[in-house]
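Tertiary structure, described
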Amino acid sequence: MAEPEVATKAPESDAVEAEASKPSLVPGDTPAQSGASLGEHCVKDRPTPFGVGPAGEMTQLGSVDTYVSKPANYPQSPSKLLLLLTGATGLHSENNQIQADAFAKEGYLVVMPDMFSNDPLPGSATYREEKDPSVIEQIKMRAAETAKSFLIDMWLARQTPEKVLPIIHKVIEAAKDEFADAVANGGGIYAVGYCFGGRMVLLLAGEKPDTVVWGQQIKDEEAGVVKKGPFIKAGAIAHATLVTREDFDGTKAPLAFVCVENDQLFSDEIKEHGENYLKQSNIESEFKTYSGVPHGFGVVGEYEDTKIKIAQAEAYDQMLGWLKAH
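Residues numbered from 1 in each chain as written. Predicted model: local features only at pLDDT ≥ 70, side-chain atom pairs only at ≥ 80, totals over all residues. Heavy atoms only, no water.

1. A closer look at the nonpolar core
The biggest cluster of nonpolar side chains holds 53 residues, and the ones touching the most others in it are Leu81, Leu83, Ile168, Phe179, Met200, Leu204 and Phe257. When residues of this core are assigned to their parent elements, the largest contribution, eight residues, is made by helix H4 (residues 161-178). Within the second largest apolar cluster, 32 residues are counted, among which are Leu91, Ile308, Ala311 and Tyr316. (Core = buried A, V, L, I, M, F, W, Y, C linked by side-chain atoms within 4.5 Å. Buried < 20%, exposed > 50% of the residue type's maximum accessible area, 1.4 Å probe, protein only. Helix = DSSP H or I, 4+ residues; strand = E, 2+ residues; numbered from the N terminus.)

2. Some words on the pairing of strand S7 (residues 190-194)
Buried residues dominate S7, accounting for five of its five residues. Residues Tyr190, Val192 and Tyr194 point to one face of S7 and Ala191 and Gly193 to the other, with burial holding for every one of them. Where S7 lies against strand S10 (residues 234-238), five bridges are found, and the strand directions are parallel. Bridging from a neighbouring strand, Tyr190 pairs with Ala234 of S10. (Pairing = 2+ DSSP bridges.)

3. Section: the packing of aromatic side chains
Under the counting rule described, the total for this entry stands at seven aromatic pairs. Between Phe257 and Phe266, the ring centres sit 6.2 Å apart and the planes meet at 15°, which makes this aromatic pair stacked. Just as Phe257 is buried, Phe266 falls in that class too. With 5.3 Å between their ring centres and 50° between their planes, Tyr290 and Phe297 make a pair best called tilted. Judged by its relative accessible area of 4%, Tyr290 is buried. Site record: aromatic cluster; members linked through ring pairs are Phe248, Phe257, Phe266 and Phe287. (Phe/Tyr/Trp six-rings, centres within 6.5 Å; stacked < 30°, edge-to-face > 60°.)

4. Details of the environment of Leu203
Counting through the fold element by element, Leu203 comes out in helix H6 (residues 196-204). Through-space distance from the C-alpha of Leu203 to that of Leu165 is 8.8 Å; in sequence the pair is 38 residues apart. Not counting residues within four places of it along the chain, the set of residues in contact with Leu203 comprises Leu165, Lys208 and Asp247. (Contact = heavy atoms within 4.5 Å.)

5. A word on the packing of H4 against H6
Running from amino to carboxyl end, H4 crosses H6 at an angle of 70°, the nearest separation of the two axes being 11 Å. By the criterion of interaxial angle, the relationship of H4 to H6 is roughly perpendicular. For H4 against H6, the interelement crossing comes out right-handed. Between H4, through Pro161, Val164, Leu165, Ile168, His169 and Ile172, and H6, the contact on the second element is made entirely by Phe196, Arg199, Met200, Leu203 and Leu204. Residue composition of the contact of H4 with H6, grouped by class: nine nonpolar, one polar and one charged. (Axes fitted to C-alpha atoms, helices over the stretch in contact; angles between N-to-C directions. Parallel < 35°, antiparallel > 145°, perpendicular 65-115°, else oblique. Left-handed = near helix turned anticlockwise from the far one by under 90°. Nonpolar A, V, L, I, M, F, W, Y, C, P; charged D, E, K, R; others polar.)

And the structure:
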């Protein structure tokens, strides 16, 4: 099977060497960034399904802009609170909003916060496919993508746990008050995370020193620091990015992982470490690997390839089934 396409990083000088790239799994798709960064499907939406639109509402929780999607019969019927953490396309992506709505239809009260605190991803408008662009247009598109990748790299450097985790915690605390009935009914907070948000769900699933919980590094491991967490009851993670071995430390909540075969953004080494760590720690977990799909396939969005469509539905069912089982 062909590995995901890899693109060059942004240039630091005018002298730029072009890297060879491998064929994409998706016809007409542009390359993904190389290394431990974000893939193309993390930073650009697929076309939105025809005739489908968001059904939730924008509000604020803890002074953070948040998309909230509720079951149709809420609050007359009990619900469970689900925290949805997105990829880099963020809060205003219609696909992400539709993804939240899908879980709401299954009885979850979904809160999807703006993790990036009004610092949106450069060029995060809904993706539109170009049909058979000319050679000149292809050259222009490649130049534009190179420039954009530089902006994305700078943006990503700002989205550290030190910045993002405190924003998420504000939303969690506010949601506990605003939707106390849903939290109580579920016996805690459930979470799903895609791409960038996947790593955040993993961190929330752990019992960690208080400094790490709030996105800060431990300065003195010998000093007795208070541990906090986990902050979720159970979580489901799809094609996570930027995950390190240390992120698994202290994991307490059961987790399901949607993985992509030969995924450079969630390597086999990281995956195997996570599987072994959770098994040795007696933490319930599930890792399922999907072949022939691009990184980011699990998020709502249209694909022409029937195999990817089927895998997308299976990944959603895997995540939903895990939540319902816990």
